[in-house]
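# Secondary and tertiary structure notes
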Amino acid sequence: MKIAMIGAGYVGLVSGACFSEFGIEVCIVDTDLAKVEALRKGVIPIFEPGLDALVADNVRDGRLTFTTSTEEAVDGADAVFIAVGTPSRRGDGHADLTYVFAAAEQVAKALKAPAVIVTKSTVPVGTGRKVQAIVKAARPDLQIDVASNPEFLREGSAIGDFMRPDRVVIGTDSERAQAVLKRLYRPLFLIETPILFTGLETAELTKYAGNAFLAMKITFINEIADLCEKTGADVHDVARGIGLDGRIGRKFLHPGPGYGGSCFPKDTLALTKTGQDFGVPIRLVETTVAVNDARKKAMAGRVAAAAGGLKGKTVAVLGLTFKPNTDDMRDSPALDIVPALLEAGASVRAYDPEGMKAAKPLLPDAVQYCKDALDTAAGADVLVVITEWNEFRALSPARLAATMKGKVVVDLRNIFDPVAIREAGFAYTSIGRH
Ligand SMILES: NC(=O)c1ccc[n+]([C@@H]2O[C@H](COP(=O)([O-])OP(=O)(O)OC[C@H]3O[C@@H](n4cnc5c(N)ncnc54)[C@H](O)[C@@H]3O)[C@@H](O)[C@H]2O)c1
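In what follows, the accompanying structure is described. (Residues numbered from 1 in each chain as written. Predicted model: local features only at pLDDT ≥ 70, side-chain atom pairs only at ≥ 80, totals over all residues. Heavy atoms only, no water.)

### Focus: the pattern of salt bridges
A side chain of one charge can pair with a side chain of the opposite charge if their charged atoms are brought near each other. Inspection of every chain in the model, using the stated rule, returns 22 salt bridges. In this structure, Arg 413 engages Glu 388 in a salt bridge whose closest nitrogen and oxygen atoms are separated by 3.3 Å. Here Arg 413, found in the loop between strand 13 (408-411) and helix 19 (418-423), pairs with Glu 388, found in the loop between strand 12 (382-385) and helix 17 (390-393); they are 25 residues apart in sequence, far enough to count as distant. Just as Arg 413 is buried, Glu 388 falls in that class too. In this structure, a network of salt bridges that share partners links the residues Asp 57, Arg 60, Asp 61 and Arg 63. (Salt bridge = Lys/Arg side-chain N within 4 Å of Asp/Glu carboxyl O. Helix = DSSP H or I, 4+ residues; strand = E, 2+ residues; numbered from the N terminus. Buried < 20%, exposed > 50% of the residue type's maximum accessible area, 1.4 Å probe, protein only.)

### Thoughts on the site of the ligand
Among the 25 residues in the neighbourhood of the ligand, the closest are listed as Asp 30, Lys 35, Thr 86, Glu 155 and Lys 266. At 2.6 Å, a side-chain N or O of Lys 35 approaches an oxygen atom of the ligand. At 3.1 Å, a side-chain N or O of Ser 262 approaches a nitrogen atom of the ligand. Surface burial for the ligand is 89%, taken as the share of its 840 Å² of free accessible area covered by protein chains. Looking at the shell around the ligand, its residues break down into nine nonpolar, nine polar and seven charged. (Near = heavy atom within 4 Å. Polar contact = N/O pair within 3.5 Å; in protein donor to acceptor, adjacent residues only side chain to side chain. Areas by Shrake-Rupley, 256 points an atom, 1.4 Å probe, with all protein chains shown as cover. Nonpolar A, V, L, I, M, F, W, Y, C, P; charged D, E, K, R; others polar.)

### Some remarks on the packing of helix 5 (residues 98-110) against helix 6 (residues 127-138)
Relative to each other, helix 5 and helix 6 sit at 35 degrees, their axes nearing to 9 Å. Viewed along their axes, helix 5 and helix 6 form a crossing whose handedness is right-handed. Residues Val 100, Phe 101, Ala 104, Glu 105, Ala 108 and Lys 109 of helix 5 form the contact with helix 6, whose own contacting residues are Thr 127, Lys 130, Val 131, Ile 134, Val 135 and Ala 138. Here the contact of helix 5 with helix 6 is composed, by residue class, of eight nonpolar, one polar and three charged. (Axes fitted to C-alpha atoms, helices over the stretch in contact; angles between N-to-C directions. Left-handed = near helix turned anticlockwise from the far one by under 90°. Contact = heavy atoms within 4.5 Å.)

### Things to note about the pairing of strand 12
Burial of the side chains of strand 12 extends over both faces: Val 382 and Val 384 are buried on one face and Leu 383 and Val 385 on the other. Judged from the four bridges that link them, strand 9 (residues 314-318) and strand 12 form a sheet pairing that is parallel. Bridge assignment links Val 315 to a residue of strand 12, and that residue is Val 382. With four bridges connecting them, strand 12 and strand 13 associate as parallel partners. Directly across from Leu 383, in strand 13, lies its bridge partner Val 409. (Pairing = 2+ DSSP bridges.)

Spelled out as structure tokens, the structure:
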């Protein structure tokens, strides 16, 4: 079988490489010439564990190719996946579908034989019907079926998530599209992955409902953490106490500075807009969005309070990406926290193992980037942990104490052992525990 993947971003590149690993011939197309040239030279434009080897193996075996030409990519394809971005539309927060619609039209015009167009991008309910209309208007002469196959992979563990997903959701009215997608996902049928066949609208809404639920879960534990701080309770024990209840589950109960990333912020916001459009406001999600935005903005205040003011102080920031094991800076809490630290009069030294290249254009020029965690901490008055990279967990409190000028640690991810860090002489603030 042969497929084309439109978009060589986090989703397109990972899913394309994984499909080629399934033995399918895959051509990935991107409009970004620099990205395609880099990929052709074997340079992976993003950081995702294991992706370089997976791409190299499949390129070597001739199953995975890259191009900037949609015509070339879709030639002979049984299915064409659209994996382009759906960012928040400036001004109103709806999902911006410009790239999806443009890709659908380009693909329809380029196809020479019947095929299935599959939307992998996260798109609001109703988009698949619009794609059907675009495709029909562009190519009334050709049978092109449309399906929705939302992607649930997580950056940082994307390959494992794609190869061994909790489930695959396929939304389509077309039996032919169903048959093609069944063949493409055959390796997952063989490992008994639940595959849900639904209508277009259901598949589209399932993706948003899933992300919104997870975002609510994080926001819930964040608010419980705030209450723990005021009452003497420990949020980790509360999280364990509720998470052991099978109806709740233990995952996504880690308190922090607020959710960020390429999906939750834009998808929760887009879902609230869809709800409002249909006269069905999703109030829980509206509140989640507002609480999370306020939380990210409030974090610099926590640092200032812990440090007794920030004017003239040096803050060492560990971690900039929205989570570890990615270089993705989209909507990272660091984008709220770091500028606010600077505005409060602090100098900021920062380090992230993979995110500094992406962070530089998004953060004020005043930030000083460092070569590792200890270099960042050198001479600092305050240390702030924004992202829980494993290498930060391994830092010795004694070595930190020896290199820092001040003795204040604000741990927004609860990575340090409170006893050990206090024994090293630090005033230690974390989230939801004492
Ligand atoms: N990043 C994630 O973890 C994740 C997880 C699940 C779902 N999603 C969803 O998947 C979609 C893609 O997300 P992403 O993070 O991979 O985006 P991205 O911004 O990393 O990648 C999108 C790519 O598409 C390319 N592109 C845009 N228009 C094109 C066109 N007409 N032809 C060819 N290439 C084109 C861009 O140049 C870019 O390289 C979004 O809808 C997102 O919500 C993302």
